[in-house]
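Observations on the three-dimensional arrangement
What follows is each chain in one-letter form.
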Amino acid sequence: MTAARKHLTRDDLAPLARAATGRTLATVTRLRGGSKKGAYRLALDDDTTAVAYVWSPDEDYWDADPPDLRDPFSHGTGFDLFTAVYDRLTAAGVRTPRLLYAGDGQVVVEDMAGGSLEETLRRDPPTARASLDLLAAQLGRLHAHEGPTFGKVALVDNGGTPSAGSCEQRVTEGALRDIEEIAVRDPRAAAARDQLTDAVRALATAVRPRTRYSLIHGELGPDHVLLTPDGYPALIDIEGLLYFDVEWEHVFLRLRFQEHYEALRVPDLDEDRLRLYRLAMHLSLVAGPLRLLDGDFPDRVTFREIAEYNLRQALSLLSAFS
């Protein structure tokens, strides 16, 4: 039986709140949704709030090995990755919650008072449309920044090189591994294993070499965009920021924003990369959630739904190869 996870209390976080704000911590609320780090809302004695990010084994439900920075898609979490990415976003002029304190493996950032873009899209579509337009402009600034090679920001900005030979090679190899992993967990994937493998290889063959690497978020859904009170967007869950093909970003944006994606669409994307990356993304979003569900992650229904939806989408793409 997996031991119960220990989440932090007011007493645990009071010194951090004092160091970050100079105030006394009144109450603590652990925020939902995180699977790699703990996020805690700190309510202070002057009625202001801030958010603490904490990295520890008890907060990381993936129970992954230490990340290999040379792999662009390795486990993207940790204090060092966060601070490196925060500096890069700030230099790029892209809004993220303002850093109030960083030390001892923990950070405190401003508490965004406008809620998430996901909530606003559901509650107030006209207001959300204005925020989407502002997000599109921010993404334009983000993607305009290019690196000399692809990989995690902390690697590339320090002169490192990735372990794969190209973006499309890393995506293809990952998709083939995901097929093998999914096939032993689901009979539908097992039955379609050869078709999925052939489809990935065929799509990869069509991709032509390219050496332009844009700065991308990598997992940007409307739940990873918080808003200021006047609706200005700020990106969160930023540790996975990397230099990569911008098509990878747009495949994820389209998947997560659905009918709202049109506000974020840009011209001149590589259609061959989009086709490969779409199938690979769906496969990744089956394998990852199923792997997470092997452990004790609490939001099991949501992640089962994610895996089921993406498996159906991946299998539906096979009709183009039949």
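Data block above holds the structure.
Every residue gets a number counted from 1 within its own chain, in the order that chain's sequence is written. Local features in a predicted model are, by the rule used here, given only for residues with pLDDT of at least 70; side-chain atom pairs are given and counted only at 80 or more, and totals for whole chains, interfaces and linings are based on all residues. With hydrogens and water excluded, all non-hydrogen atoms of the structure serve as input to the side-chain values.

1. Details of helix H11 (residues 300-317)
When the terminal C-alpha atoms of H11 are compared, their 26 Å separation across 18 residues agrees well with the 26 Å that a helix rising 1.5 Å per residue should span. Under the scheme applied here, a residue whose accessible area is under 20% of the maximum for its type counts as buried, over 50% as exposed, and between as partly exposed, the area being computed with a 1.4 Å probe on protein chains only. Comment: elements are numbered from the N terminus, with helices defined as DSSP H or I runs of at least four residues and strands as E runs of at least two. Buried residues of H11: Phe303, Ala307, Asn310, Leu311, Ala314 and Leu317, and no others. Across the axial projection of H11, the buried residues extend over an arc of 125°, all falling on one side. Turned more than 90 degrees away from the buried face of H11, the exposed residues are Val301, Glu305 and Arg312. What makes two residues a contact is simply this: any of their non-hydrogen atoms within 4.5 Å. Those residues of H11 that are buried are in contact with helix H6 (167-183), helix H7 (187-191), helix H8 (193-206), helix H9 (246-257) and helix H10 (271-292). Every helix has an expected span of 1.5 Å times one less than the residues it contains. The arc in question is the one traced by the directions running from the helix axis out to the C-beta atoms.

2. Examining the environment of alanine 280
Inspection of the secondary structure assignment puts alanine 280 in helix H10. On a C-alpha basis, the gap between alanine 280 and alanine 314 in space is 8.3 Å, while along the polypeptide they are 34 residues apart. Not counting chain neighbours up to four residues away, the residues in contact with alanine 280 comprise Val171, Ala175 and Trp248.

3. A word on the pattern of salt bridges
Side chains that carry opposite charge are capable of pairing whenever their charged atoms lie near each other. Put simply, a salt bridge is a Lys or Arg side-chain nitrogen that is within 4 Å of an Asp or Glu carboxyl oxygen. A full pass over the atoms with the stated rule returns 26 salt bridges. Arginine 23 is the partner of aspartate 46 in a salt bridge, and the nearest nitrogen-oxygen pair spans 3.7 Å. You can see aspartate 46 sitting in the loop between strand S2 (38-44) and strand S3 (49-54) and its partner arginine 23 sitting in the loop between helix H1 (10-21) and strand S1 (25-30), a full 23 residues away along the chain. Given a relative accessible area of 33%, aspartate 46 falls into the partly exposed group. By relative accessible area, arginine 23 is classed as partly exposed at 34%. With a closest N to O distance of 2.7 Å, arginine 41 and aspartate 111 form a salt bridge. Of this pair, arginine 41 sits in strand S2 while aspartate 111 is found in the loop between strand S5 (106-110) and helix H3 (117-123), placing the two residues 70 residues apart along the sequence. Residue classification places aspartate 111 among the buried residues on the basis of a relative accessible area of 18%.

4. Observations concerning unusual backbone geometry
Glycine aside, negative phi is the norm for most residues, and most peptide bonds take the trans geometry. Positioned with a positive phi, aspartate 47 is a non-glycine residue whose angle comes to about 70°. For aspartate 47, the position within the fold is in the loop between S2 and S3. Its identity is not glycine, yet aspartate 268 carries a phi of approximately 65°, on the positive side. Along the chain, aspartate 268 falls in the loop between H9 and H10.

5. Quick notes on the sheet that holds S3
DSSP-based pairing: two strands are paired if at least 2 bridges between them are found. Taken in spatial order, the 5 strands of this open sheet run S1-S2-S3-S5-S4, and their pairing is antiparallel. Each edge of the open sheet is held by one strand with a lone partner, namely S1 and strand S4 (99-103). Across the sheet, the mean angle separating the axes of adjacent strands is 20° when strand polarity is ignored. Here S4 pairs with S5 via 4 bridges, running antiparallel. Its bridge partner lying in S5, tyrosine 101 is registered against valine 108. Here H1 sits on the sheet in contact with S1, S2, S3, S4 and S5, set at roughly 115° to S1. To get an axis, fit a line to the C-alpha atoms, keeping to the stretch in contact for a helix; angles then go from 0 to 180 degrees between the N-to-C directions. Packing of helix H2 (residues 79-92) onto the sheet brings it into contact with S3, S4 and S5, and relative to S4 it is tilted by some 140°.

6. A short note on the nonpolar core
Definition used in this section: a nonpolar core is a set of buried Ala, Val, Leu, Ile, Met, Phe, Trp, Tyr and Cys residues joined via side-chain atoms within 4.5 Å. Of all hydrophobic cores here, the largest spans 76 residues; its most connected members are Tyr53, Leu117, Leu135, Phe244, Phe257, Leu279 and Leu283. Residues contacting tyrosine 53, with those up to four places away along its chain left out, are Lys37, Gly38, Ala39, Phe82, Gln106, Val107, Val109 and Ile236.

7. Observations concerning the packing of aromatic side chains
For this analysis, a ring pair means two rings from Phe, Tyr or Trp (six-membered ring only for Trp) whose centres lie within 6.5 Å, classed as stacked if their planes differ by under 30 degrees, edge-to-face if by over 60, and tilted for the remaining angles. By the definition in use, this model includes 11 aromatic pairs. An angle of 80° between the planes, with centres 6.4 Å apart, marks the rings of tryptophan 55 and phenylalanine 79 as edge-to-face. Within this pair, whereas tryptophan 55 is found in the loop between S3 and H2, its partner phenylalanine 79 is found in helix H2, the two being separated by 24 residues in sequence. The exposure class assigned to tryptophan 55 is buried, which follows from its relative accessible area of 14%. The criterion for a charge sitting over a ring is simple: Lys NZ or Arg CZ within 6 Å of the ring centre, and within 35 degrees of the ring normal. When the ring centre of tyrosine 53 is taken as reference, the NZ or CZ atom of lysine 37 above it lies at 4.9 Å.

8. Overview of the sheet that holds strand S6 (residues 146-147)
Read across the open sheet, the 4 strands follow the order S6-S8-S11-S7; overall the sheet is antiparallel. Strands with a single pairing partner mark the edges of an open sheet, and in this sheet they are S6 and strand S7 (151-152). Note that S7 and strand S11 (residues 242-244) share 2 bridges and pair antiparallel. Residue glycine 151 lies in a different strand from S11, and its bridge partner there is tyrosine 243. Against the sheet, helix H4 (residues 125-144) contacts S6 and strand S8 (213-216), and its axis sits at roughly 135° relative to S8. Of the strands in this sheet, S8 and S11 are in contact with H9, which crosses S8 at around 40°.

Any link to function would need more than the numbers given here.
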